[in-house]
Amino acid sequence: MKSLLIDTTKCVGCLECVGACKRANNLPEGDTEELSWKTYTVVKEFKGIYVRKLCMHCSNPSCASVCPVGALHKTSAGPVVYDEDKCIGCRYCMVACPFSVPKYEWSNPLPRIRKCIFCAERLAKGLQTACAEACQYGATTFGDREALLEEGRSRIEAEPDKYINQIYGENEVGGTSTMFLAGVSFSELGFRTDLAKDPMPMLTWKVLSMIPDIVIMGGVIMGGIAWLTNRKNEVSLHELMEKDKEKSLNKKDSK
Amino acid sequence: MTMKTIQFPKLTFWRGVIAVIMLLGIYSTGYRFIKGLGASTALSDQFPWGLWIGFDVLCGVGLAAGGFTITAAVYIFNMKKYKPIIRPTVLTAFLGYILVSTALLYDLGKPYNIWHPLVMWNPHSVMFEVAWCVMLYSTVLALEFLPIVFEKFNMERPSRILRKISIPLVITGFLLSTLHQSSLGTLFLIVPEKLNGLWYSPILPLFFFVSAIAAGLSMVIFESFLSNRFFRKELEIDLLEGISRVIVVVLGCYFVLKILDITHRGVLPLLLVPGMERSLFLAEIFIGVIIPFILFAMPKVRINKKGLFISAFMVVIGFVMNRMNVSITGMAASSGVDYFPTWMEISITAFIVAIGFVVFALAVKYLTIFQPAKSEESTEKFEEYTTEFLQDETAGTIASYPKV
Ligand code: SF4
Ligand code: SF4
Ligand code: SF4
């Protein structure tokens, strides 16, 4: 699985990655402060430390799991990609993403979901992502996830004073393809540090996977109750018929 | 020579109100579909779901829950007493579902793709399940409602077929609505880090289901009173009394569950944090659960027209607050923005509700919704027994019995 390793200690805030992303994905100018339909990645500053923001390409992504029509899906190569022809525009992906990444074309009457797609087309051609290619300072590097994790660990080991001992994205929400190294705690850099280690989709899947059982059990129970209660009618009906038969017999007798 | 006079419908206060709502609604509808969601709503990247999901969809579906509870009571638990209110509740539920689907068309970014879940499956998605349940249950409700239409046009044969499958139909309907009343709660299970702890709970699906039953039944009472006022329909106080007893039990269960949930999850301290969330949470519990529970528990209230109405209305209000709290209040803090619907969002919601009222009134006028004719009632009963439970021969022999 292809991944990105972003080393916040090396980023100088030159915004080359932001420009490269816009060019590679034909995005309009503007909105360089926050992610939006125009911008798949931004660089934010936290007390002199520059931190990129982009889709985390979760290994088990919430956005893809909640999408009713499968418009978002995780490819085996790593990217979480979007198919605008499938999308119905329910915006559940935006609600569900723990990193609040997917954005919407609010001003477009026929809007699309927009987010970093990990340069899926470039990847298919065997290229690396545009942002990684543009980075001159080694802050964003591209590679296989395992190799990048190795690389991250060895950087931490080599300079334990410079780095904190954590790779963000190694375990968060079951692991992500965009991973970060940092010199200060991640909460100081605007990262969510309250996320579970389990993939979020498990939360709903636990309930959803119970449905077949509920349907079968429920059907049997309700059907059974219906049969039992309505049988009373049948019985009383038969009783009525019996009585009537007797009556008519009596009548015949008296004749 | 006689002058010809043109007959205008008499302009009453309510007709005036509806006319204004319709005009504004039509304007907003045009605006929404031409200019898009951004121009017509207060929604944003930070707050993608607002009034239409919170009220039109979450509440709309819940308030139609009377449909499955009453049909189940009659057909499955054989409580024939409630038969007279089946028609209005099925009609309400059916209308409710159609209106929810209409509201979805406004909310979806690409409404012309609404059929996609039919062919593009993602069984891991709660939204996918909701979509299927709404589609299937609307079909079931349509089948339950059709006999009333057939009857109007004297079409005996199709309605006899439908009557034959009524029990499986009701069971299917019951299961479908159980599933998706609860799955509306399941929708929010994936946002533990976004939804306030007062509402986020692993048993959110159960809460949604239980509260929908209480609200659906309260809606039945509420509607009976509206019908009483607007359609001069007689009130079956004894039926409503029975329903209100069930509501007491359901509200009680809901309250106990809520207390257990809050204490077990250890979020009691959240009740000490002053703010919007706490006030609205307490309001929801008091208005929608505790007070109506006490009121309904009093026999005096249960047989009193006004008492029933007010208590049922409180349950409905509390229910609406709950759904809005889960989808809007509880999500506000984590989104970092304040959301308040635009007048266009509100006018479209009012528009959809108004359409519901108008269609209901039309149905009452042209179809037999209330008080089915006596003679017909008995044939219906007769057929029910004969076709469903007895073999043709026996059915034939008792064909002469007037009433069973
Ligand atoms: S970060 Fe959000 S949008 Fe990106 S893959 Fe994960 S869940 Fe999807
Ligand atoms: S908005 Fe589109 S991509 Fe997002 S969940 Fe809905 S259908 Fe899927
Ligand atoms: S991976 Fe591609 S799409 Fe994503 S931020 Fe980098 S350049 Fe943009």
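Residues numbered from 1 in each chain as written. Chains lettered and ligands numbered in written order. Predicted model: local features only at pLDDT ≥ 70, side-chain atom pairs only at ≥ 80, totals over all residues. Heavy atoms only, no water.

> So what exactly am I meant to see when it comes to the overall build of chain A here?
The helix and strand inventory of chain A stands at eight helices and nine strands. Computed over the C-alpha atoms, the radius of gyration of chain A is 30 Å, more than 25% above the 18 Å expected from 2.2 N^0.38 for a compact globule of 255 residues. In terms of its C-alpha atoms, chain A occupies a principal-axis envelope of roughly 115 × 45 × 35 Å. Residues classed as buried in chain A amount to 47% of the 255 residues present. A fraction of 56% describes how many contacts in chain A between residues 6 or more apart in sequence connect residues 24 or more apart. A total of about 12400 Å² of accessible surface is found on chain A, and carbon and sulfur atoms cover 54% of it. Within chain A, the 32 negative side-chain charges are centred at a point lying 7 Å from the centre of the 33 positive side-chain charges. (Helix = DSSP H or I, 4+ residues; strand = E, 2+ residues; numbered from the N terminus. Rg over C-alpha atoms; globule rule 2.2 N^0.38 Å. Buried < 20%, exposed > 50% of the residue type's maximum accessible area, 1.4 Å probe, protein only. Contact = heavy atoms within 4.5 Å. Areas by Shrake-Rupley, 256 points an atom, 1.4 Å probe, with all protein chains shown as cover. Lys, Arg positive; Asp, Glu negative; His and termini not counted. Charge placed at Lys NZ, Arg CZ, Asp CG, Glu CD.)

> Please clarify how the overall build of chain B should be interpreted in this entry.
When you go through chain B residue by residue, the secondary structure sums to 17 helices and zero strands. Sorting the 404 residues of chain B into buried and exposed places 54% on the buried side. Look at the contacts in chain B between residues 6 or more apart in sequence, and 79% of them connect residues 24 or more apart. In the structure as shown, chain B presents an accessible area of about 18700 Å², 71% of it carried by carbon and sulfur atoms.

> Hey, could you run me through the site of ligand 2 in this one?
By nearness alone, 13 residues border ligand 2, and C67, C87, C90, R91 and C93 of chain A come closest of all. Residue composition of the shell around ligand 2, by class: 11 nonpolar, one polar and one charged. (Near = heavy atom within 4 Å. Nonpolar A, V, L, I, M, F, W, Y, C, P; charged D, E, K, R; others polar.)

> Would you mind going over the packing of aromatic side chains with me for this structure?
Aromatic rings in a pair are described by how distant their centres are and how their planes are angled relative to each other. All names here are of chain B. Summed over the entire model, instances satisfying the criterion amount to 27 aromatic pairs over all chains. Ring plane angle 10° and centroid distance 6.1 Å describe the contact between Y27 and W343, whose orientation is recorded as stacked. Note that Y27 is positioned in helix 1 (residues 13-35) and W343 in helix 15 (residues 343-366), a separation of 316 residues in sequence. Residue classification places Y27 among the partly exposed positions, given a relative accessible area of 48%. (Phe/Tyr/Trp six-rings, centres within 6.5 Å; stacked < 30°, edge-to-face > 60°.)

> Please explain the pattern of salt bridges as it appears in this structure.
When the charged atoms of two side chains lie near each other, side chains of opposite charge can form a pair. Inspection of every chain in the model, using the stated rule, returns 17 salt bridges over all chains. In this structure, D7 of chain A and R155 of chain A form a salt bridge, with 2.8 Å as the shortest nitrogen-oxygen distance. Note that D7 of chain A is positioned in strand 1 (residues 2-7) and R155 of chain A in helix 6 (residues 145-158), a separation of 148 residues in sequence. Each member of the pair, D7 of chain A together with R155 of chain A, is buried. Here R160 of chain B ties to E156 of chain B by a salt bridge, and the two come within 3.7 Å at their closest N and O atoms. (Salt bridge = Lys/Arg side-chain N within 4 Å of Asp/Glu carboxyl O.)

> Please clarify how the interface of chain B and chain A should be interpreted in this entry.
By a frequent convention, interface size equals the accessible area lost on bringing the separate parts together. With 60 residues of chain B in contact, the opposing surface of chain A contributes 60 residues. Carbon and sulfur atoms make up 67% of the surface buried where chain B meets chain A, a total of about 5100 Å² over both sides. Broken down residue by residue, the surface that chain B buries against chain A is led by D45, K110 and I190 of chain B, which jointly contribute 14%. Connecting chain B to chain A are one salt bridge. (Buried area = accessible area lost by both parts, 1.4 Å probe.)

> Even after reading the chapter, I still don't get the site of ligand 3, so can you show me in this structure?
Every one of the 13 residues lining ligand 3 counts as a neighbour, but C21, N25, C116, C119 and C131 of chain A are closest to it. The residue inventory of the shell around ligand 3, partitioned by class, reads nine nonpolar, three polar and one charged.

> What is the right way to read the pairing of strand 2 (residues 42-46) of chain A from this model?
Residues and elements named next belong to chain A. Inspection of the sheet shows strand 2 paired to strand 3 (residues 49-53) by five bridges, in the antiparallel sense. What sits directly across from E45, in strand 3, is Y50. The hairpin turn running from strand 2 into strand 3, its antiparallel successor, is two residues long, and K47 in that turn takes a positive phi close to 50°. (Pairing = 2+ DSSP bridges.)

> What should I look at first to understand the packing of helix 12 (residues 276-297) of chain B against helix 14 (residues 305-335) of chain B in this one?
A pair of packed helices is captured by two measures, namely the crossing angle of their axes and the spacing between those axes. Residues and elements named next belong to chain B. Between helix 12 and helix 14, the shortest axis-to-axis distance is 8 Å and the interhelical angle comes to 160°. With respect to helix 14, the axis of helix 12 lies roughly antiparallel. The crossing of helix 12 and helix 14 is left-handed. For the pair formed by helix 12 and helix 14, the contact residues are E277, L280, F281, A283, E284, I287, G288, I291, P292, L295 and F296 on the first element and L308, S311, A312, M314, V315, I317, G318, M321, N322, N325, T329 and A333 on the second. Here the contact of helix 12 with helix 14 is composed, by residue class, of 15 nonpolar, six polar and two charged. (Axes fitted to C-alpha atoms, helices over the stretch in contact; angles between N-to-C directions. Parallel < 35°, antiparallel > 145°, perpendicular 65-115°, else oblique. Left-handed = near helix turned anticlockwise from the far one by under 90°.)

> Can you help me understand unusual backbone geometry in this one?
Among all residues save glycine, negative phi is the norm, and among peptide bonds the norm is trans. All names here are of chain A. The residue N26 is not glycine, and still its phi comes out positive at about 50°. Looking at the element boundaries, N26 is found in the loop between helix 1 (16-24) and strand 2. Here N26 falls in the exposed class, since its relative accessible area comes to 70%. Non-glycine residue R91 carries a positive phi angle of around 65°. With respect to the secondary-structure elements, R91 resides in the loop between strand 5 (80-82) and helix 3 (92-96).

> Honestly, the side chain of R145 of chain A in this entry has me stumped. Any pointers?
All names here are of chain A. Tracing the sequence through the fold places R145 in helix 6. The side chain of R145 sits in the buried core without any salt bridge; E146 is the nearest counter-charge, 4.6 Å away. Contacts of R145, omitting those with residues within four sequence positions, involve M1, S3, G169, E170, G175, T176, S177 and M179.

> Quick question: what am I supposed to make of the nonpolar core here?
Buried together is how nonpolar side chains tend to be arranged in soluble globular proteins. Counting 163 residues, the largest nonpolar core has Y92, F99 and F180 of chain A together with F188, L195, I221 and I243 of chain B as its most contacted members. At 12 residues, helix 10 (residues 204-230) of chain B tops the list of elements feeding residues into this core. (Core = buried A, V, L, I, M, F, W, Y, C linked by side-chain atoms within 4.5 Å.)

> I tried to follow the confidence of the model for chain A on my own but got confused; where do I start?
Low pLDDT marks stretches whose predicted atomic positions should not be read closely. Chain-level statistics for chain A give a pLDDT mean of 90 and a share of 98% at 70 or above. Per-element mean pLDDT across chain A ranges from 79 in helix 8 (residues 211-254) of chain A up to 96 in strand 6 (residues 103-104) of chain A. (pLDDT = per-residue confidence, 0-100.)

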